[in-house]
Amino acid sequence: MRVTQGGTVVVIRAIVAGVVIAGASLAAQERRADALSADVQIQQRRFQFQLMEGVLENAVRQGATEVAMRAQGVMPIGMLFMGRPKAKGFPLDGYGVVFDVEIPVIRESAVLLNQMPRPSAANTPPTVGNQTVGGRGSGAGTTRATGVVPDDPMLRSPVTSDPFLANPDLFYRATVREKLVDVMLDYSRSLGVGADEWLSVVSRSEDDPMPNSLYDDSRTLILRIKGADLSLFLEGKISRDEARKRVVESQF
């Protein structure tokens, strides 16, 4: 079959048009794939942040549980904490990754009730006339037949020197701090913190509905570690103790 010159031109134009259309379709598919890939990457990164948020909340919950168990011997009345732990993380361009952690509040009423002396009939010393015989812990000494004998400070109630009752909020915050640092070291690999970036955990107490409470002067605790130091720990090039020393702590 013979093809004229004009027919050849038509065929060539049809082929070129087909190639252009196919190229345009392929480019559109690539753009859609790139857009889908970017969306998937964002969703995956959000998922990693959600996992970290859950771990931080569990760490605070565990710290509160340990404090409550520690306090059982000296604070048997009522529930110790009010509220629940909350955590929210977000990337910050030019800085790194930040997690805001809200920790439950120690109930002021529980502390006050349990700091009040509760005399026990079993521990009440007998009395003769107006004098107490064999009593301990009054601070004025024990009355005996031979006179007044000063109290032995080693026999006084351990409650008065208990570090938890001395400053419940400080004791609680120190416990939670240790938990948060462990999470920063052990569960941050998937966050992709750059060597020149920071991983920060900002912890603060839940807003106290009671005005003029015992803990109005409590401050926000900020824990930070450089991405380069975090990588050294995750790669096993520095010890846990050394990594903990490189966590920068400040208050606001």
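Scroll up a little and you will see the structure.
This write-up is about the structure you can find in this document. (Residues numbered from 1 in each chain as written. Predicted model: local features only at pLDDT ≥ 70, side-chain atom pairs only at ≥ 80, totals over all residues. Heavy atoms only, no water.)

It is worth spelling out the overall build of the protein at this point. The helix and strand tally for the protein stands at six helices and eleven strands. When the 252 residues of the protein are sorted by exposure, 30% land in the buried category. Across the protein, contacts joining residues at least 24 apart in sequence account for 69% of those joining residues at least 6 apart. On the protein, roughly 16400 Å² of surface is accessible, and the fraction owed to carbon and sulfur atoms is 57%. (Helix = DSSP H or I, 4+ residues; strand = E, 2+ residues; numbered from the N terminus. Buried < 20%, exposed > 50% of the residue type's maximum accessible area, 1.4 Å probe, protein only. Contact = heavy atoms within 4.5 Å. Areas by Shrake-Rupley, 256 points an atom, 1.4 Å probe, with all protein chains shown as cover.)

Moving on, we get to the packing of helix α4 (residues 168-186) against helix α5 (residues 227-234). Two elements in contact, α4 and α5, have axes separated by 9 Å at closest approach and are oriented at 75 degrees. By the angle between their axes, α4 is roughly perpendicular relative to α5. Counting all contacts with α4, which are made through Met184, Leu185 and Asp186, the residues of α5 involved are Leu230, Phe233 and Leu234. Its residues assigned to classes, the contact of α4 with α5 shows five nonpolar, no polar and one charged. (Axes fitted to C-alpha atoms, helices over the stretch in contact; angles between N-to-C directions. Parallel < 35°, antiparallel > 145°, perpendicular 65-115°, else oblique. Nonpolar A, V, L, I, M, F, W, Y, C, P; charged D, E, K, R; others polar.)

A complete count under the given rule lists one aromatic pair for this structure. Considering the side-chain rings of phenylalanine 49 and phenylalanine 99, the 5.4 Å spacing of their centres and the 25 degrees angle between planes classify their relative orientation as stacked. Placement of the pair is phenylalanine 49 in helix α1 (residues 5-71) and phenylalanine 99 in strand β3 (residues 96-103), with a sequence separation of 50 residues. Classification of phenylalanine 49 by relative accessible area gives buried; the value is 5%. A residue is classified by how much of its surface remains accessible, and phenylalanine 99, at 0% relative accessible area, is buried. Note that arginine 224 overlies the ring of tryptophan 198, its terminal NZ or CZ placed 4.4 Å from the centroid. (Phe/Tyr/Trp six-rings, centres within 6.5 Å; stacked < 30°, edge-to-face > 60°. Lys NZ or Arg CZ within 6 Å of the ring centre and 35° of its normal.)

What follows deals with the pattern of salt bridges. Using the criterion set out here, one finds 14 salt bridges in the structure. One salt bridge connects glutamate 102 with arginine 204, and the closest N-O pair in it is separated by 3.4 Å. Taken together, the positions of glutamate 102 in strand β3 and arginine 204 in strand β9 (residues 198-205) put the pair 102 residues apart, joining distant regions of the chain. Taking the relative accessible area as the measure of exposure, glutamate 102 reaches 13% and is therefore buried. Given a relative accessible area of 27%, arginine 204 falls into the partly exposed group. A salt bridge links arginine 246 to aspartate 229; its shortest N-O distance comes to 2.9 Å. (Salt bridge = Lys/Arg side-chain N within 4 Å of Asp/Glu carboxyl O.)

So, on to the side chain of serine 200. Position of serine 200 among the secondary structure elements: in strand β9. Within the structure, the side chain of serine 200 is placed 2.5 Å from the side chain of tyrosine 95, a separation counted as a polar contact. Not counting residues within four places of it along the chain, the set of residues in contact with serine 200 comprises Tyr95, Val97, Val98, Phe99, Leu223 and Arg224. (Polar contact = N/O pair within 3.5 Å; in protein donor to acceptor, adjacent residues only side chain to side chain.)

Now for the pairing of strand β2 (residues 86-92). Successive side chains on a regular strand alternate, one facing one side of the sheet and the next facing the other. As paired elements, β2 and β3 share seven bridges and run antiparallel to each other. When the bridges of β3 are listed, lysine 88 appears paired with aspartate 100. Counting the residues in the hairpin turn of β2 and β3 gives three residues, including glycine 94, whose phi is positive at 80 degrees. (Pairing = 2+ DSSP bridges.)

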